[in-house]
Amino acid sequence: MTLIGATRVAQITVGPDQVHLRLLATSDLHAHLLPYDYFTASRASGVGLARLVDVIDAARGSAPNALLFDNGDTLQGTPLADIIHSEILPKGGRNPMIVAMNALEFDAGTLGNHDFDFGLEYLERSLARADFPITLANAHRADGTQFLPPNTMLKRQVQDGSGKTHDLKIGVVGVVPPQVSAWSRLHVEGILTFSDIIASTADQVTTLRAQGADLIVVLAHSGLGDASAPAGAENVARQIAALNGVDAVVAGHTHNLATCDGTDLSAPIVQPAAFGTHLGMIDLLLSESENDTGWHAAPVQVVNLATPVTQRRSGMPRPRLLNGYAQLRREIASAHRTTRTCVERPLGHSTIPLQTLFSTLAPCAATQLVADAQRAAAAPLLAARPDLAGLPILSAAAPFRAGGRSGPENYTDIPAGALKLRHAADLYIYPNAMCALRIDGAGLLQWLERCASMYRQIDRGAQTPQKLIDHSFAPYNFDRITGLSYRIDVSQPPRTDVEGGRIDPTASRIRDLRFADGRPVWPDDQALVITNSYRAAGGGHFASAAAAETVLAGNGSVRDAVAHFMAEAEGPLDPVIEPTFAFEPLGGTQVIFETGPGALAHPCRMAKLNLRPADPDAPNGGFVPFFFEI
């Protein structure tokens, strides 16, 4: 065994006629370049491409032949990306993420859905400076031509166990969820179309094999999914791995940490989580076929290498980043300093903390502020539409940083006091445009049922406390819709699974749905919901939002609305939290609510919610457990 990063991996035994090929991959970096959290203005030692450099170098150095890939969602996700798009950095300069990837000599890459968030002009300008090929098989221009090369053929010389050199042709195919056509509609409609992942991949595998590819790697910006997913599905990495001719798959998109070792019927899969916390690694042994029909690839190790988290000891110097990459360090330092200066721009004040540590247990001030900001921004636009007069105006807001798959440190926790631009970005981390939908009562109910899938089903008769939150549910899909009131019955099964797949269309958790004035919401009632462009397109598998009529679209970004709301307030902000949702009482059934360790700094909020500390030594993945009675 040997140590790479923070992970012990097996030594690979290579025969004289075998080639050991190591495939390395990043995914969902989301513009996490340095180990720094711009939202909290503090170090974040476990994330960032720069923190992965030593891991990459060690993994390359311990294998005779290695390739490095990126699996997309690279260019969006932190204020660093925002200032590049806003041209606060000099226009025409190189994107720091691309600068770093060039310096690290990535071999190939693909795109993720969020790489389209800033528009095609920005995307193409960024990609033009990449020194490595970027492939995307299932994106086409309106005239039918490819948006990017559908594949790339890497030609490399590799050494076998005896030191003999061989020429190897590695075909690489990149794919992205076809739902980008809806999620990024404002940027791609009429310009790009996106086809089914499986069909597009199969076509490219056939093409590459005909061109003499010895090995085929698929960079799939797609979650694992399952073998029964229909055509056009979002998460299909398992299906890709089962395609004839595919030798290895890099998965992504869902930010999970996963490995599949591969079988005779399926290629190995690695999914290295997100933000640079891990580096995916697949070790293959290649053997030439006896009948001279090419190379046979056998997976011998599939693992995710963890980024070492360094705790600085008092009086000890801080470990230096990017050793051996002095030029890269100089180039990205300026972008980092500019970002830090930009996000410190003052906006206003808040009289209370704005945190999401309890936002999935009860309505909170953080999501209330976002909902209020959306209402304020939409008000003059809706007032100019007499055809919409008289309809109830609702506002949907989700706690974007509220644990989930990104872990117990991923919470918004803004103290009372000065509000800065980074706080607006913390409350709303995506560059989504603001939209308004006209929807009926039946659609509202379906919308809320999808949100209620965050909770596990609770047995009210159980003697042992049960965990309430399913952390595999993405918090950005937990909308609370202000202007409504409702209760959630977690004793009932959810209507969908965490990814939005239908479990039981008749399942019902939402009780006593009413407008804020107390009127019941009937199926045929009409209302307006202010939301974001992602949700308006059905993002997160919200079918009723996708089916609703869009009455306002592309009216500035929600984040800008939040920043403007903070800056234009006449005095310090003190959001009045609407009692939007509560739990249907279950007779005092005790559950375990898990949240981030930052919750311990909010004893008043804990007391108001009647939370009591649970066993801190119970396995909880770093989340802090509390007893809560429903």
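A. Empty space enclosed by the protein, seen in detail. If you walk through the whole model with that rule in mind, you get 7 cavities of 30 Å³ or more. Each pocket or cavity is described by its volume, and for the largest cavity that value is around 310 Å³. For the largest cavity, the lining is made up of 28 residues, of which His-253, Arg-405, Tyr-476, Asn-477 and Tyr-534 are closest to its centre. Broken down by class, the residue content of the lining of the largest cavity amounts to 9 nonpolar, 12 polar and 7 charged.

B. View of the sheet that holds strand β31 (residues 590–595). On the basis of which strands lie adjacent, the open sheet formed by 4 strands has the order β24-β31-β33-β32 and mixed pairing. Only two strands of the sheet have a single partner each, and these edge strands are β24 (466–467) and β32 (612–613).

C. Just the confidence of the model for the protein, in detail. On average, residues of the protein score 94 in pLDDT, and 97% of them reach the 70 mark or higher. Low pLDDT (under 50) marks residues 311–318, which in the prediction has 3 contacts with non-local residues, meaning those over four places away or in another chain.

D. Structural detail: the layout of surface pockets. Here the largest pocket defines a volume of roughly 1,200 Å³. Residue lining of the largest pocket: 49 residues in total, with Val-47, Phe-275, Ser-406, Glu-409 and Asn-410 positioned closest to the centre. Those elements giving two or more residues to the lining of the largest pocket turn out to be β4 (36–37) and β5 (42–43).

E. Up close: the packing of helix α10 (residues 365–383) against helix α15 (residues 558–568). Relative to each other, α10 and α15 sit at 95 degrees, their axes nearing to 8 Å. The angle between α10 and α15 places the two elements in the roughly perpendicular class. The residues of α15 that touch α10, namely those facing Leu-369, Val-370, Asp-372, Ala-373, Gln-374, Ala-376 and Ala-377, are Val-558, Ala-561, Val-562, Phe-565 and Met-566. Looking at side-chain class alone, the contact of α10 with α15 contains 10 nonpolar, 1 polar and 1 charged residues.

F. Looking closely at the sheet that holds strand β16 (residues 278–288). Sheet architecture is open: 5 strands sit in the order β7-β6-β3-β16-β17, paired in mixed fashion. Of all strands in the sheet, those bounded by a partner on one side alone are β7 (108–109) and β17 (295–306). Pairing geometry for strand β3 (residues 18–26) and strand β6 (residues 65–70), over 6 bridges, is parallel. Looking at β6, one finds that Thr-26 is bridged to Asp-70.

G. Representation of unusual backbone geometry within the structure. Backbone geometry at Asp-73 places phi at a positive 55 degrees, although glycine is not the residue there. Structurally, the position occupied by Asp-73 is in the loop between β6 and α2 (79–85). Phi is positive for Leu-322, which is not a glycine, with a value near 55 degrees. Counting through the fold element by element, Leu-322 comes out in the loop between β17 and α9 (326–343).

H. Spotlight on the packing of aromatic side chains. Evaluated as defined, the whole model comprises 16 aromatic pairs. Look at Phe-118 and Tyr-122: their rings are 5.2 Å apart centre to centre, the planes differ by 80 degrees, and that puts the pair in the edge-to-face class. The burial state of Phe-118 is the same as that of Tyr-122; both residues are buried. Geometrically, the ring pair formed by Phe-478 and Phe-581 is edge-to-face, given 5.6 Å between the ring centres and 90 degrees between the ring planes. Note that Phe-478 is positioned in the loop between β24 and β25 (480–482) and Phe-581 in strand β30 (residues 581–583), a separation of 103 residues in sequence. We classify Phe-478 as buried; its relative accessible area is 3%. The class of Phe-581 is buried, set by a relative accessible area of 4%. Pairwise contacts between aromatic rings join Trp-183, Phe-400, Tyr-428, Tyr-430, Tyr-476 and Tyr-534 into one cluster. Taking the ring centre of Phe-542 as reference, the NZ or CZ of Arg-535 above it sits at 4.0 Å.

I. View of the packing of helix α3 (residues 96–103) against α9. Interhelical geometry of α3 versus α9 gives an angle of 170 degrees and a closest axis separation of 10 Å. With respect to α9, the axis of α3 lies roughly antiparallel. Counted together, Pro-96, Val-99, Ala-100 and Ala-103 of α3 and Leu-328, Glu-331, Ile-332 and Ala-335 of α9 form the full contact between these two elements. When grouped by side-chain class, the residues that make up the contact of α3 with α9 number 7 nonpolar, no polar and 1 charged.

J. Representation of helix α7 (residues 197–210) in the model. If you check α7, its first and last C-alpha atoms are 20 Å apart, about what 14 residues at 1.5 Å a residue would give, namely 20 Å. Restricting attention to buried positions, one finds in α7 the residues Ile-197, Ile-198, Ser-200, Thr-201, Gln-204, Val-205 and Leu-208. Summarising the axial view, the buried residues of α7 lie within an arc of 160 degrees, below the 170-degree limit, and thus occupy one face. Residues of α7 that are exposed and angled more than 90 degrees away from the buried face: Thr-206 and Ala-210.

K. Local environment of the nonpolar core. Counting residues in each nonpolar core, the largest one holds 94 residues, and the members touching the most others are Phe-116 and Phe-147. By residue number, the principal contributor to this core is α10, which donates 8 residues. Setting aside chain neighbours within four positions, we find Phe-147 in contact with Leu-111, Phe-116, Leu-120, Leu-123, Glu-124, Leu-136, Ala-139, His-140, Arg-141 and Leu-192. Residues Ile-488, Leu-586, Leu-611 and Phe-626 belong to the second largest nonpolar core, which totals 53 residues.

L. Structural detail: the pairing of strand β20 (residues 393–397). Buried residues dominate β20, accounting for 4 of its 5 residues. As judged from the 3 bridges shared by β20 and strand β28 (residues 526–532), these two strands associate in the parallel manner. Residue pairing in the sheet places Leu-394 in a bridge with Val-529 of β28.

M. Molecular detail of the side chain of Asn-95. With respect to the element layout, Asn-95 can be found in the loop between α2 and α3. On the accessibility criterion, Asn-95 (4% relative accessible area) is buried. Once residues lying within four places of it in the same chain are set aside, the contact partners of Asn-95 are Leu-75, Ile-84, Tyr-122 and Ser-126.

N. Quick peek at the pattern of salt bridges. Under the defined criterion, the tally for this structure stands at 22 salt bridges. Asp-283 serves as the salt-bridge partner of Arg-22, at 2.7 Å between the closest nitrogen and oxygen. On the criterion of sequence distance, the pair formed by Arg-22 in strand β3 and Asp-283 in strand β16 is long-range, its members being 261 residues apart. You can call Arg-22 buried: its relative accessible area is 2%. Here Asp-283 falls in the buried class, since its relative accessible area comes to 0%.

O. Representation of the environment of Glu-629 within the structure. Position of Glu-629 among the secondary structure elements: in strand β33 (residues 624–629). Relative accessible area serves as the criterion here: at 49%, Glu-629 is assigned to the partly exposed category. Once residues lying within four places of it in the same chain are set aside, the contact partners of Glu-629 are Gly-588, Thr-589 and Gln-590.

P. Inspection of helix α12 (residues 441–451) at higher detail. Of all 11 residues making up α12, 8 are buried, and the element is well covered by its neighbours. Burial in α12 covers these residues: Gly-441, Gly-443, Leu-444, Trp-447, Leu-448, Glu-449, Arg-450 and Cys-451. You can read the cap of α12 off the contacts: a side-chain oxygen lies 3.3 Å from the backbone nitrogen of Ala-442, and it is on Asp-440.

Quick notes on the rules
Residues numbered from 1 in each chain as written. Predicted model: local features only at pLDDT ≥ 70, side-chain atom pairs only at ≥ 80, totals over all residues. Heavy atoms only, no water. 1 Å grid on protein atoms, 1.4 Å probe; cavity = no way out; pocket = protein on both sides within 12 Å on 5 of 7 lines; lining within 4 Å. Points joined across faces, edges and corners; volume = space filled by probe spheres on them. Nonpolar A, V, L, I, M, F, W, Y, C, P; charged D, E, K, R; others polar. Pairing = 2+ DSSP bridges. Helix = DSSP H or I, 4+ residues; strand = E, 2+ residues; numbered from the N terminus. pLDDT = per-residue confidence, 0-100. Contact = heavy atoms within 4.5 Å. Axes fitted to C-alpha atoms, helices over the stretch in contact; angles between N-to-C directions. Parallel < 35°, antiparallel > 145°, perpendicular 65-115°, else oblique. Phe/Tyr/Trp six-rings, centres within 6.5 Å; stacked < 30°, edge-to-face > 60°. Buried < 20%, exposed > 50% of the residue type's maximum accessible area, 1.4 Å probe, protein only. Lys NZ or Arg CZ within 6 Å of the ring centre and 35° of its normal. Expected span 1.5 Å × (residues − 1). Arc of directions from axis to C-beta. Core = buried A, V, L, I, M, F, W, Y, C linked by side-chain atoms within 4.5 Å. Salt bridge = Lys/Arg side-chain N within 4 Å of Asp/Glu carboxyl O. Polar contact = N/O pair within 3.5 Å; in protein donor to acceptor, adjacent residues only side chain to side chain.

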